Amino acid sequence: MDETLQHEIGRRRTFAIISHPDAGKTTLTEKLLLYGGAVRLAGSVTARRNERHARSDWMKLEQKRGISITSTVLQFNYKDHVVNLLDTPGHEDFSEDTYRTLAAADSVVMLIDAANGIEPQTRKLYEVARMRRLPVFTFINKMDRPGRQPLDLLDEIEREFGILAFPLVWPIGDGADFRGVYERATKQVHLFNRATGGDTATVASVVDTDSPALDRAFGVENLARFREETSLLDEAGAEFDHAAYLGGDLTPVFFGSAVTNFGVELLLDRILDLAPAPGPRATRDGGRVEPGDSAFTGLVFKIQANMDPNHRDRVAFLRAVSGKFERDMVVTNVRTSKKIRLARPQKLFAEERELTAEAFPGDVIGLVNPGAFAIGDTVTTGPLTQFEKIPHFSPEQFATIRPTTPAKRKQLLKGLQQLAEEGAIQILWTFGRTSPDPILAAVGALQFDVVRFRLEDEYGVETLLQPMSYALARWVRNDPGPDVRIEQRGTMEVEDDEGHRAVLFETQWAARRLTDERPELNLVSSIV
Ligand code: G4P
């Protein structure tokens, strides 16, 4: 293998932070960036370019909702490594976007608020990480505030997720009593200093366990507790099992306080040591692409509409999977068999030219080629094989949609088609397409507002939306043929845009009942 390529792959770490809103993801992201040299914000470049439109209607929608819709990819250099941090929107309603971003990550950091423990969004996202077999680090945040007992939190992770929670550090106190963490591998104490403010990348003061500094920092009571807890930990003495972490059976656990930048450096250092470098990726024909393969391949995992109404361009985010990317490369989009010259990333990253001049496996590049890409596309300079599909996530909200003016139906369908390609929405139809009105399916209801807004703004179609009472969908893997109906009371038979059959249910219970009664249908929560 090309030595430069191998070196570049080995020094890359591409990960995403998953958490429930308010656990501190934005704060942790900001602190991580303090450790990076030149910070490059892919999303914010686009944002800056569109600054004039910051006050456009689109942004008004964002502001009205008090959320940030745009997500960014952050890249920074740290200790001779290249860190790609896939930042994901935190708002619950955009979780499908977050899910897709995980398709581009090699590992995740699960961020938990020490007082709240595992929360609904943590749970959902963890399940996706597990489905993708991504190794998981855990960072228990806000230790500077009163929180739950560390053992209790570890126990919760183990019980809920069925994995081993292995504390690589142990916290000393919490809230007003928080004094720092003990790192088990080095048997050293990182002392917490509440006054730092956390605006610079600082090395915490690190001392040995017999240092007199501990007496001063801890006080008698804390010191006694510390000695007792650490001796128990040392006795428990289990070795950290790296293979179990890589296999998703164990999560190394850190404790810290993002807002004061405490424990962040330790986390980052261990990510470099322990988290996986970009690895191989499976293809639909059962093969796999190795990062060191000489052909360049990439996976489109996200498409973001550029909110500039004058240029209806869209940015496709491409995760480099193998080989070296160079600007002006001609690749084939395997789905469409079309050849495309990748000349325009330069435009997107105008201010950070060198970023797009070349990229290596694990990096993310933005491409402004309107219409050329859809989510899940594989592009390559090599053999025409496609990566496994990115699964859709089971929608939980359904509504029929039609134009207020019937004559606008064509525009409506065109707009919906494009929005579906971006992954903003899924389109369903009544079974056999008995009704002309499409059914929109989404993970969160806010997606409906966004779609309606964009249909009006970008495609000039005003729409009427009729919410439906269904709460989940199951796809029929073994289609019994068009003559066999599956519908029962309180369900609705539908088909998706590709003609796959599905059934909508009002309750989990109804879905379970049909699954039990008709095992031959093989009902699944998403079709890959
Ligand atoms: P999110 O992206 O996960 O939604 O969370 P975000 O970072 O915005 O943090 C949510 C709130 O939690 C913020 O407070 C933030 O300052 C606080 N926070 C984050 N990390 C820590 C921590 O380690 N300790 C403590 N005590 N607080 C933390 P806020 O009041 O909502 O905003 P602000 O007034 O701080 O701006």
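These remarks concern the structure in this document. (Residues numbered from 1 in each chain as written. Predicted model: local features only at pLDDT ≥ 70, side-chain atom pairs only at ≥ 80, totals over all residues. Heavy atoms only, no water.)

### Some words on the pairing of strand β28 (residues 491–496)
We count it as follows: For the exposure calls, accessible area comes from a 1.4 Å probe over protein chains only, and a residue counts as buried if that area is under 20% of its type's maximum, exposed if over 50%, partly exposed in between. Starting at the N terminus, helices and strands are each numbered in turn, a helix being any DSSP run of H or I of at least four residues and a strand any DSSP run of E of at least two. The criterion for strand pairing is that DSSP finds at least two bridges linking the strands in question.
Of all 6 residues that make up β28, 6 are buried, and the element is covered over most of its length. Residues T491, E493 and E495 of β28 are buried on one face, and the alternating residues M492, V494 and D496, pointing to the opposite face, are buried as well. As defined by bridge partners, β28 adjoins strand β29 (residues 501–505) across 5 bridges and the pair is classed as antiparallel. Looking across to β29, one finds that E493 is bridged to V503. What sits between the antiparallel neighbours β28 and β29 is a turn of 4 residues, in which G499 has the positive phi angle 85 degrees.

### Side note on the sheet that holds strand β10 (residues 188–191)
Here is the rule: Working convention: axes come from line fits to C-alpha atoms, limited for helices to the stretch in contact. Angles between N-to-C directions cover 0 to 180 degrees. Two residues qualify as a contact provided that any one of their heavy atoms is within 4.5 Å of a heavy atom in the partner residue.
Strand order in the open sheet formed by 4 strands is β8-β9-β10-β11, with antiparallel pairing between adjacent strands. Only two strands of the sheet have a single partner each, and these edge strands are β8 (169–172) and β11 (205–208). Each adjacent strand pair in this sheet contributes to an overall mean axis angle of 25 degrees, direction not counted. When β10 meets β11, the two strands line up antiparallel, connected through 4 bridges. Looking across to β11, one finds that L191 is bridged to S205. Relative to the sheet, helix α8 (residues 212–236) contacts β8, β9 (180–183), β10 and β11, its axis offset from that of β10 by approximately 135 degrees.

### Side note on the sheet that holds strand β27 (residues 472–476)
A sheet is described by the order of its strands in space; here 8 strands give the open sequence β26-β23-β25-β24-β28-β29-β27-β30, paired in antiparallel fashion. For this open sheet the edge positions go to β26 (463–467) and β30 (523–524), each flanked by a neighbour on one side alone. Summarising the sheet, β27 and β29 pair through 4 bridges and their orientation is antiparallel. Pairing of A473 across the sheet is with L504, part of β29.

### Describing the site of the ligand
Under the convention used in this document: It suffices for a single heavy atom of a residue to lie within 4 Å of a molecule or strand for the residue to be listed as near it. Pairs of N or O atoms are called polar contacts if they sit within 3.5 Å, as long as, within protein, a hydrogen donor faces a hydrogen acceptor (for residues adjacent in sequence, only side-chain-to-side-chain pairs). What sets the accessible areas is the Shrake-Rupley method with a 1.4 Å probe; for residues, cover comes only from the shown protein chains. For this scheme, ten residues count as nonpolar: Ala, Val, Leu, Ile, Met, Phe, Trp, Tyr, Cys and Pro. Four count as charged, namely Asp, Glu, Lys and Arg, and the remainder, Gly too, count as polar.
Residues in contact with the ligand amount to 15 residues; listed here are only the nearest, D22, K25, T26, T27 and D144. R145 is positioned such that a nitrogen or oxygen atom in its side chain is 3.2 Å from a nitrogen atom of the ligand. Taking A258, its main chain carries an N or O atom lying 3.0 Å from an oxygen atom of the ligand. Protein contacts shield 61% of the accessible area of the ligand, which totals 710 Å² for the unbound molecule. For the shell around the ligand, the element with the most residues is helix α2 (residues 25–34), which contributes 3 residues. For the shell around the ligand, the residue count by class is 4 nonpolar, 6 polar and 5 charged.

### Things to note about the nonpolar core
We count it as follows: Here, nonpolar core means buried Ala, Val, Leu, Ile, Met, Phe, Trp, Tyr and Cys residues that are tied together by side-chain atoms lying within 4.5 Å of each other. These domain boundaries are the output of an automatic or database domain assignment.
Core analysis: the largest hydrophobic core is formed by 90 residues, its most contacted members being L32, F137 and V189. A per-element tally of this core places helix α10 (residues 264–274) first, with 7 residues. Taken domain by domain, this core gets at least three of its residues from each of domain 1 (3–170 + 239–274) and domain 2 (281–380). For L32, the contacting residues outside a window of four places in its chain are F15, I17, F76, L85, V264 and L268.

### Focus: the pattern of salt bridges
Here is the rule we go by: Salt bridges are counted wherever a side-chain nitrogen of Lys or Arg sits within 4 Å of a carboxyl oxygen of Asp or Glu.
For the structure on display, the rule yields 30 salt bridges. Salt-bridge contacts for R454 lead to E458; the nearest nitrogen and oxygen are separated by 2.8 Å. Remark: E458 and R454 occur in helix α14 (residues 446–459); sequence separation between them is 4 residues, near one turn of the helix. Accessibility classification places R454 together with E458 in one group, the buried group. The closest approach of N and O atoms between E493 and R501, which form a salt bridge, is 2.6 Å. For R501, a relative accessible area of 2% gives the class buried.

### So, the side chain of E119
Put simply, the rule reads: By the counting scheme adopted, Arg and Lys are positive, Glu and Asp are negative, and His together with the chain ends is not counted.
Within the secondary structure layout, E119 lies in the loop between β5 (107–113) and α6 (120–131). Of the buried charged residues, E119 lacks a salt bridge, with K142 as the closest side chain of opposite charge at 7.6 Å. Not counting residues within four places of it along the chain, the set of residues in contact with E119 comprises H20 and D113.

### Some details on unusual backbone geometry
The phi dihedral of R133 falls on the positive side, at around 55 degrees, and the residue is not glycine. Tracing the backbone through its elements, the reader meets R133 in the loop between α6 and β6 (136–141). Of note, the phi angle at K142 is positive, near 65 degrees, even though the residue is not glycine. Assignment of secondary structure puts K142 in the loop between β6 and α7 (150–161). Judged by its relative accessible area of 19%, K142 falls in the buried class.

### So, the packing of aromatic side chains
Note the cut-off: Here a pair means two rings of Phe, Tyr or Trp (six-membered ring of Trp) with centres within 6.5 Å. Their orientation is stacked below 30 degrees between planes, edge-to-face above 60, and tilted elsewhere. In this analysis the charged atom, NZ for Lys or CZ for Arg, is taken to sit over a ring once it is within 6 Å of the ring centre and within 35 degrees of the ring normal.
Taken as a whole and judged by the stated rule, the model has 13 aromatic pairs. Ring centres of Y35 and Y78 lie 5.9 Å apart, and the angle between their planes is 75 degrees; this geometry places the pair in the edge-to-face category. Of this pair, Y35 sits in the loop between α2 and β2 (40–41) while Y78 sits in strand β3 (residues 73–78), and the two are 43 residues apart along the sequence. Like Y35, the residue Y78 is buried in the burial classification. Ring geometry for F296 against F325: centres 5.3 Å apart, planes inclined by 55 degrees, an arrangement best described as tilted. Taken together, the positions of F296 in the loop between β14 (288–289) and β15 (297–305) and F325 in strand β17 (residues 325–326) put the pair 29 residues apart, joining distant regions of the chain. With respect to class, F296 is no different from F325; both count as buried. Following the ring pairs from residue to residue traces out a cluster consisting of F137, Y245 and F254. The lysine or arginine in question, R184, covers the ring of F166, its NZ or CZ lying 4.8 Å from the ring centre.

### Observations regarding the pairing of strand β12 (residues 250–255)
Most of β12 is tucked away: 6 of the 6 residues are buried. The two faces of β12 match: L250, P252 and F254 on one face and T251, V253 and F255 on the other face are all buried. Bridge count for β6 against β12 is 3 bridges, and the pairing is parallel. Within β12, the residue paired with F139 across the bridge is F254. As paired strands, strand β7 (residues 164–167) and β12 are joined by 4 bridges and run parallel to one another. What sits directly across from A165, in β12, is T251.

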